[in-house]
Amino acid sequence: MEAFHVLSRGGVRFDKQRFKSDVQLFSNKKREDEEKEKALFDAQLPPELDFFKYAEGGSGKRKAAHNEGAGLNTSRQSEDARKRRKIDESEHSGNNSGNEMEDVVFKRPKDRVTAKGSEVPKPAETFEDLAKRYDVASRLLANLRKYKYEYPTGVQAHGIPILLERRDLAAISPTGTGKTLSYLLPVMASLQAPIASLKAAGSGVRAIVLAPTRELAHQIHNECLKLAIGRKWRVVLFDKATANTLREKNVRDKVDIIIGTPLRLVSAIQQGNLELNNVRHLILDEADRLLDNEFLAQVQEVVAASTYPDVQKAVFSATLPAGVEKLAMGMLRNPIRIVVGLKDTPLPLISQSLTYVADDASKLPSLLTYLAQPYNPPVLIFTSTQPRATSLTEELTLNGISNVDCLHAGMTKKERDDAVGRMRCGESWIMVATEVMARGMDFKGVREVINYDFPTSVQSYIHRIGRTGRAGQEGKAVTYFTDLDAPYLKSVANVLLQSGSPVADWILKLPKLSRLKKKQMGKVQRVEMVNPARKIGRRDVIKRREMIVASKRRKEKLQAEQADPHSESRQQ
Ligand SMILES: Nc1ncnc2c1ncn2[C@@H]1O[C@H](COP(=O)(O)OP(=O)(O)OP(=O)(O)O)[C@@H](O)[C@H]1O
């Protein structure tokens, strides 16, 4: 286990009672900010963008944009954003213009969903509406209520009926808008009951969900287990251990749903330890990532192995670049395509900003200054490489910031699981991570995302900042850029503009990126150590940290003794 995981917490739990004043500081700051923003920006959000307003806790009001008169032209930008929306809409209607397709645009007061395809089913306003129209087991609905899922989100209202009518689907919906449930619920409703209790269900796994990372597969598995409560569904997270168990044919024949990453599934198929000929539903979550060069061949192998007649396929993502979308559409049969909000645009609930930091060496001081102010934990910080994630975690720890964690693919399974667990239970205040955390991971409480290293693509930017502003909550995203990142700034700035965050005029005047240049976006070379000036080695850092923790403990003990002079420790 990485020493810093333990040391960064110093073995001390955060005592909310004791640090009441600090806690109040955070909440007061948040309240003040909210009031300021409410006064400033009431009624500024165009209604068609406000599609998540209904979600619990979401005010639906646009954040930030405090910078009017400081080189930021917000009203012009809103106008620009409106124009871009128009262009975007016409781009949408230009895609897939086959004759058999008819365009259907649903406009609900709460969200804006564009659906394209033949005979698009009516959206479901409520879960009860779904139950009335389709055969959805009452147990599934009871489980939804149990987890306080009262109303379907936009992607659920539109996507669930499509999947329940056994149509193929491509769904593009912003991060944190509930895509997971929009495929899990219809898949489980269509499977009706666990395979063991059905006569005509055949033998072998009946549904596969593919995800690009083990962490995301794990999270989807947990969501699926919530829906499975009360019935003996066999839902398997396909990892090394379960793959071994499923080598027994009579065991794997009784599995309902498998959730996993492509590589592991493909190796089981190739070894003859998994058959997909009974798979009736195949879901690709984070489809654009699964269809990129790294995963494409494996995904195609899974698709080819799913030989059940009329297997239903569906792809989901918050981003689907045109080329990948074409590939995805080619895999689907008479599909319906839905877009919630604007394609490749984050929710307006996330207030985004770009911060100039000159060069790499200036980032750490900027981050430390930022973290010296009250901030909203937990905060997620993205770096471009594993060594930089480790190095930044060490630097923060060394600078006396407690409860810092690290997550990247170079860590062991246990280390990664532990790090995610600590983040989920609120033990970590700051998580430094690589791209592995950028997609799909749902930590409801994340209020701030910091792109310490500039994202590798526009998609990477959208997914990274999408770790905040989830389920109707507001969020904040800060992106550092250096002189080396400047050529790529405009692409990210366009995303800010489109989702209603302010952008300085000079950035908008930067030249548009050529295709070739765009490809180089993720290739900026950065040193491994985030603080090249550091003279001491890692062991010294650990030693220093131990000293800090010990001195903290001594101070606490002294304070406790002063508060209670008759305490036991004093008498000894
Ligand atoms: N109908 C609902 N009502 C309330 N909360 C919901 C509902 N549907 C989903 N959620 C919550 O919203 C959060 C985001 O959902 P989910 O992770 O499925 O988003 P996503 O669209 O898949 O995001 P990403 O693109 O980042 O993968 C989760 O915490 C989930 O529990």
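Cut-offs used in this document
- Residues numbered from 1 in each chain as written.
- Predicted model: local features only at pLDDT ≥ 70, side-chain atom pairs only at ≥ 80, totals over all residues.
- Helix = DSSP H or I, 4+ residues; strand = E, 2+ residues; numbered from the N terminus.
- Contact = placed C-beta atoms within 7 Å.
- Near = placed C-beta within 6 Å.
- Nonpolar A, V, L, I, M, F, W, Y, C, P; charged D, E, K, R; others polar.
- Domains from an automatic or database assignment.
- UniProt positions renumbered as here; feature names shortened; annotations may be inferred.
- Buried ≥ 20, exposed ≤ 12 C-beta atoms within 10 Å, placed from the backbone.
- Pairing = 2+ DSSP bridges.
- Right-handed = clockwise from strand over helix to strand, strands pointing away.
- Axes fitted to C-alpha atoms, helices over the stretch in contact; angles between N-to-C directions.
- Parallel < 35°, antiparallel > 145°, perpendicular 65-115°, else oblique.
- Left-handed = near helix turned anticlockwise from the far one by under 90°.
- Core = buried A, V, L, I, M, F, W, Y, C linked by C-beta atoms within 7 Å.

The next subject is the overall build of the chain. When helices and strands are counted, the chain shows 23 helices and 15 strands. Within the chain, contacts between residues at least 6 apart in sequence are counted, and of these 77% link residues at least 24 apart.

Within the structure, the ligand sits among 20 residues, and Thr 175, Gly 178, Lys 179, Thr 180 and Ala 471 are positioned closest to it. With 3 residues, helix α7 (residues 179–191) is the largest single contributor of residues to the shell around the ligand. Class assignment for the residues of the shell around the ligand results in 6 nonpolar, 10 polar and 4 charged. Each of domain 1 (113–340) and domain 2 (350–548) contributes no fewer than three residues to the shell around the ligand.

This brings us to the UniProt feature "domain: Helicase C-terminal" (unreviewed entry) in the chain. Here the UniProt-annotated "domain: Helicase C-terminal" (unreviewed entry) positions come out as residues 363–511. Along residues 363–511 the backbone is 38% helical and 15% strand, and the end-to-end C-alpha distance reaches 25 Å.

Attention shifts here to the pairing of strand β12 (residues 404–407). Where burial is concerned, the two faces of β12 agree: the one with Val 404 and Cys 406 and the one with Asp 405 and Leu 407 are both buried. Direction of pairing for β12 relative to strand β13 (residues 430–433): parallel, over a ladder of 4 bridges. Directly across from Asp 405, in β13, lies its bridge partner Met 431. Taking the sense of rotation as the criterion, the β-α-β connection linking β12, helix α17 (residues 413–424) and β13 turns out right-handed.

Here the focus is the pairing of strand β8 (residues 312–317). Where burial is concerned, most of β8 is hidden: 6 out of the 6 residues are buried. By the alternation rule, side chains of β8 split into Gln 312, Ala 314 and Phe 316 and Lys 313, Val 315 and Ser 317, which are all buried. Where strand β3 (residues 169–172) meets β8, 4 bridges bridge the pair, whose relative direction is parallel. Bridge pairing in β8 links Ala 171 to Phe 316. Sheet analysis places strand β7 (residues 281–285) next to β8, joined by 5 bridges and oriented parallel. Across the sheet, Leu 282 pairs through a bridge with Lys 313, a residue of β8.

What follows covers the domain arrangement of the chain. According to the domain assignment, the chain consists of domain 1 (113–340) and domain 2 (350–548). Here the C-alpha centroids of domain 1 and domain 2 sit 31 Å apart. Residue-level contacts link 16 residues of domain 1 with 14 residues of domain 2. Those elements that provide at least two residues to the side of domain 1 that touches domain 2 are α8 (214–228) and α12 (287–290). Looking at which element gives the most residues to the side of domain 1 that touches domain 2, the answer is α8, with 3 residues. For the side of domain 1 that touches domain 2, a count of residues per class yields 6 nonpolar, 5 polar and 5 charged.

Moving on: the environment of Pro 212. Relative to the helices and strands, Pro 212 resides in the loop between β4 (207–210) and α8. Separated by 82 residues in sequence, Pro 212 and Glu 294 place their C-alpha atoms 9.8 Å apart. When near neighbours in sequence (up to four residues on either side) are disregarded, Pro 212 contacts Thr 261, Glu 286, Arg 289, Leu 290, Phe 295 and Arg 439.

Below, the discussion takes up the UniProt feature "domain: Helicase ATP-binding" (unreviewed entry) in the chain. Per the UniProt annotation, the sites labelled "domain: Helicase ATP-binding" (unreviewed entry) are residues 160–338. The span residues 160–338 is 42% helix and 16% strand, and its two end C-alpha atoms sit 11 Å from each other.

Now for the packing of helix α6 (residues 154–164) against α7. In contact at an axis separation of 9 Å, α6 and α7 are set at 30° when each is read in the N-to-C sense. Taken together, the axes of α6 and α7 lie roughly parallel to each other. For the pair α6 and α7, the sense of crossing is right-handed. When α6 is examined against α7, the residues Val 155, Gln 156, Gly 159, Ile 160, Leu 163 and Leu 164 are found in contact with a partner set consisting of Lys 179, Leu 181, Ser 182, Tyr 183, Leu 185, Pro 186, Ala 189 and Ser 190. Partitioning the contact of α6 with α7 into residue classes produces 9 nonpolar, 4 polar and 1 charged.

It is worth spelling out α6 at this point. In terms of burial, α6 is largely enclosed, as 11 of its 11 residues are buried. Residues Gly 154, Val 155, Gln 156, Ala 157, His 158, Gly 159, Ile 160, Pro 161, Ile 162, Leu 163 and Leu 164 constitute the buried set of α6. Where α6 terminates, the next one or two residues include Arg 166, which has phi positive at roughly 60°.

The next thing to look at is the sheet that holds strand β10 (residues 350–356). With respect to topology, 6 strands assemble into an open sheet ordered β10-β15-β14-β11-β13-β12, the strand pairing being parallel. Two strands in the sheet have a free side with no partner beyond their single neighbour: β10 and β12. Sheet twist, expressed as the mean angle between neighbouring strand axes with direction ignored, is 20°. Strands in contact with α17 are β12 and β13; relative to β12, the strand with the most contacts, it is inclined by about 135°.

This part takes up the nonpolar core. Grouped together as the largest cluster of nonpolar side chains are 126 residues, with contacts concentrated most on Ile 208 and Ile 259. Here this core takes 7 residues from α7, the largest share from any one element. Residue-level mapping places this core at the junction of two domains, with at least three residues from each of domain 1 (113–340) and domain 2 (350–548). Each residue touching Ile 259, except ones within four places of it in the same chain, is listed here: Val 209, Ala 211, Ala 217, Ile 220, His 221, Cys 224, Leu 237 and Phe 238.

So, on to the packing of helix α18 (residues 458–465) against helix α19 (residues 489–498). Running from amino to carboxyl end, α18 crosses α19 at an angle of 45°, the nearest separation of the two axes being 10 Å. Classified by the angle between their axes, α18 and α19 sit oblique to one another. The two elements α18 and α19 meet at a crossing, and its hand is right-handed. Contacts between α18 and α19 involve Val 458, Tyr 461 and Ile 462 on the former and, on the latter, Ser 491, Val 492 and Val 495. In the contact of α18 with α19, the residues fall into 5 nonpolar, 1 polar and no charged.

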